[in-house]
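Descriptive analysis of the structure
For reference, the chains in residue letters:
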Amino acid sequence: MFGTRYRMGGVAFTALGALAVAGVFTLGAGSASACEECKGKFEVDGKKSGYLYSNPSTQAMEDDDFDNPGMLWVEKGRKLWAKKDGKANKSCQDCHGAPEKMRGVYPVYPKYDPKTKKLINIEQRINRCRTEKMQAKPWKWDKDNLLGVTALIGYVSRGLPVNVKIDGPAKPFFEKGKAFYYQRRGQLDMACKHCHEDNAGKYIRADFISEGRGGGNFPTYRLKWQKLGSLHRRFKGCNKQVRAKPYKQGADEYVNLELFVKWRTNGLPVEVPGVRR
Amino acid sequence: MGKARVKVPKKAKKGEIITIKTLIKHKMQRATKDKKTGKPIKRNIIHTFEAKFNGKPFLTAEWDTGISANPYTAFTHRVSESGEYEFVWKDDAGQTYTAKARIEVA
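These remarks concern the structure in this document. Just so you know, these numbers come straight off a predicted model, no measurement behind them.

**Quick notes on the environment of glycine 66 of chain B**
All names here are of chain B. Tracing the backbone shows glycine 66 in the loop between β7 (56-62) and β8 (72-78). With relative accessibility at 78%, the residue glycine 66 sits in the exposed group. Residues glycine 66 and arginine 30 lie 36 residues apart in sequence; the distance between their C-alpha atoms is 9.0 Å.

**Overview of the packing of helix α5 (residues 71-81) of chain A against helix α8 (residues 144-155) of chain A**
Residue and element names in this part refer to chain A. As a packed pair, α5 and α8 sit with axes 7 Å apart at the nearest point and diverge in direction by 95°. Viewed along their axes, α5 and α8 adopt a mutual orientation that is roughly perpendicular. For the pair α5 and α8, contact is made by Met71, Trp73, Val74, Lys76, Gly77, Arg78, Leu80 and Trp81 and by Asp144, Asn145, Leu147, Gly148, Val149, Ala151, Leu152, Ile153 and Tyr155, respectively. Across the contact of α5 with α8, the residue classes break down as 11 nonpolar, 3 polar and 3 charged.

**Topic: the pairing of strand β6 (residues 46-53) of chain B**
All names here are of chain B. Within β6, 6 of the 8 residues are buried, which leaves the element mostly enclosed by the surrounding structure. As judged from the 7 bridges shared by β6 and strand β9 (residues 83-91), these two strands associate in the antiparallel manner. Paired with alanine 51 across the bridge in β9 is phenylalanine 87. Sheet topology note: the β6/β7 ladder contains 6 bridges and is antiparallel. From the neighbouring strand, alanine 51 faces β7, where its bridge partner is leucine 59. Here β6 folds back onto β7 in antiparallel fashion, the turn holding 2 residues, of which asparagine 54 has a positive phi close to 50°.

**Some words on the interface of chain A and chain B**
Each side of the interface is counted separately: chain A has 15 residues, and chain B has 12 residues. With both chains or domains summed, chain A and chain B bury close to 1200 Å², and 52% of this area falls on carbon and sulfur atoms. When the buried surface of chain A facing chain B is broken down by residue, Phe66, Leu72 and Gln226 of chain A rank first, second and third, together holding 56% of it. On the surface where chain A and chain B come into contact, there are 5 salt bridges. For aspartate 144 of chain A, the salt bridge goes to lysine 25 of chain B, with nearest N and O atoms at 3.1 Å. Taken together, chain A and chain B are joined by 9 residue pairs in polar contact (both at pLDDT 80 or more). At 6 residues, the largest contribution of residues to the side of chain A that touches chain B is made by α5 of chain A. Taken together, the residues of the side of chain A that touches chain B sort by class into 6 nonpolar, 2 polar and 7 charged.

**Concerning the packing of aromatic side chains**
Given two aromatic rings, their pairing is described by the distance between the two centres and the angle made by the two planes. The tally for this structure, following the rule as stated, stands at 22 aromatic pairs over all chains. With 6.1 Å between their ring centres and 70° between their planes, tyrosine 182 of chain A and phenylalanine 260 of chain A make a pair best called edge-to-face. Note that tyrosine 182 of chain A is positioned in helix α9 (residues 171-182) and phenylalanine 260 of chain A in helix α12 (residues 252-265), a separation of 78 residues in sequence. Take tyrosine 182 of chain A: its relative accessible area is 38%, and that puts it in the partly exposed class. Among the aromatic residues, those joined into a ring-pair cluster are Phe49, Phe53, Phe58, Trp63, Phe75, Tyr85, Phe87 and Trp89 of chain B. The ring of tryptophan 139 of chain A carries arginine 130 of chain A above its face, with NZ or CZ at 3.9 Å from the centroid. The ring of phenylalanine 180 of chain A has arginine 185 of chain A sitting right over it, with the charged end atom 3.7 Å from the ring centre.

**Digging into the pattern of salt bridges**
What the rule picks out here adds up to 24 salt bridges over all chains. With its nearest N and O atoms 3.5 Å apart, the salt bridge here joins aspartate 67 of chain A to lysine 21 of chain B. Of this pair, aspartate 67 of chain A sits in the loop between α4 (56-63) and α5 while lysine 21 of chain B is found in strand β3 (residues 17-24), placing the two residues in two different chains. Each member of the pair, aspartate 67 of chain A as well as lysine 21 of chain B, is classed as buried. Here the residues in one salt-bridge network are Asp113, Lys115, Arg128 and Glu132 of chain A, joined through shared partners.

Analysis parameters
- Residues numbered from 1 in each chain as written.
- Chains lettered and ligands numbered in written order.
- Predicted model: local features only at pLDDT ≥ 70, side-chain atom pairs only at ≥ 80, totals over all residues.
- Heavy atoms only, no water.
- Helix = DSSP H or I, 4+ residues; strand = E, 2+ residues; numbered from the N terminus.
- Buried < 20%, exposed > 50% of the residue type's maximum accessible area, 1.4 Å probe, protein only.
- Axes fitted to C-alpha atoms, helices over the stretch in contact; angles between N-to-C directions.
- Parallel < 35°, antiparallel > 145°, perpendicular 65-115°, else oblique.
- Contact = heavy atoms within 4.5 Å.
- Nonpolar A, V, L, I, M, F, W, Y, C, P; charged D, E, K, R; others polar.
- Pairing = 2+ DSSP bridges.
- Buried area = accessible area lost by both parts, 1.4 Å probe.
- Salt bridge = Lys/Arg side-chain N within 4 Å of Asp/Glu carboxyl O.
- Polar contact = N/O pair within 3.5 Å; in protein donor to acceptor, adjacent residues only side chain to side chain.
- Phe/Tyr/Trp six-rings, centres within 6.5 Å; stacked < 30°, edge-to-face > 60°.
- Lys NZ or Arg CZ within 6 Å of the ring centre and 35° of its normal.

Put into structure tokens, the structure is as follows:
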């Protein structure tokens, strides 16, 4: 009725229609950013970080290094970095120097490893250093020690754009990761893309679905987990939600998927440790 | 567990109201059963938080279930003299965690 009453040659009506659509879109996109500046930072070439799908209070938590609970793990990582361990009695610092020298490492992993002839990600790289160079026991996935050092390596690369290489020997693994992403699975018969490509920005219960560009913020402090968690833990959660049997953290399938997800994140800044709901 | 972080400004003017932020790493284990063995797990949460200035408490909080893990607390305080802040957390396991910070009042 309203539309027809003010319909003057169709122009006004079209304008109204466009306005209504625009209104719905802003609501649906959930880009209620805490600051305009962050919006530019976390949106590159039309790619949006999950940061922009969080609500302002979660964003504020990530922005302030004191409020960000993930920083507790970064501090723990810093201690472990200098701690001597294993039969070789070496610390990370003995070979690599200060953690700040690792700036630029986080954005390029996972990458091809000629030794095992498959991909290797940061967690696996840390554990390889531990077993081979330090002759110490490898750390368990998603325990404080491994999370701490991984978060530290991510933290020192903050602000750098994610930049993984998918050509050369990494190519077949990238293709496998891509296939995983588009493969329907589980009782709900859903692929990653059904949420993160087709329905990104829409509500999933009370939250917005992100674009699945999680290559720059993991390990992330999830308020639901009440601790830091790895990207692979997030993969497991997603797989469980579509009622598929998840793989283990560090499984080849997940490392390949990690490369694909990180490639989707290429260009967005590293924001470790991120905070998400 | 029990690693505390506090943020207190180093300097302040007399009579100024400052903001103090505190964060402590704590599991805040609720009473439950072990998923595999079915054995009960005792509650272990921080039940008392106290902020003192020069030994005198000015804020005491009694926490109960429903406080998240790694609790974060922020509050304000009017400073009138230089001195030392002391923050104390007490949990069900009988552990006490403390953190200290100094402030100079000009």
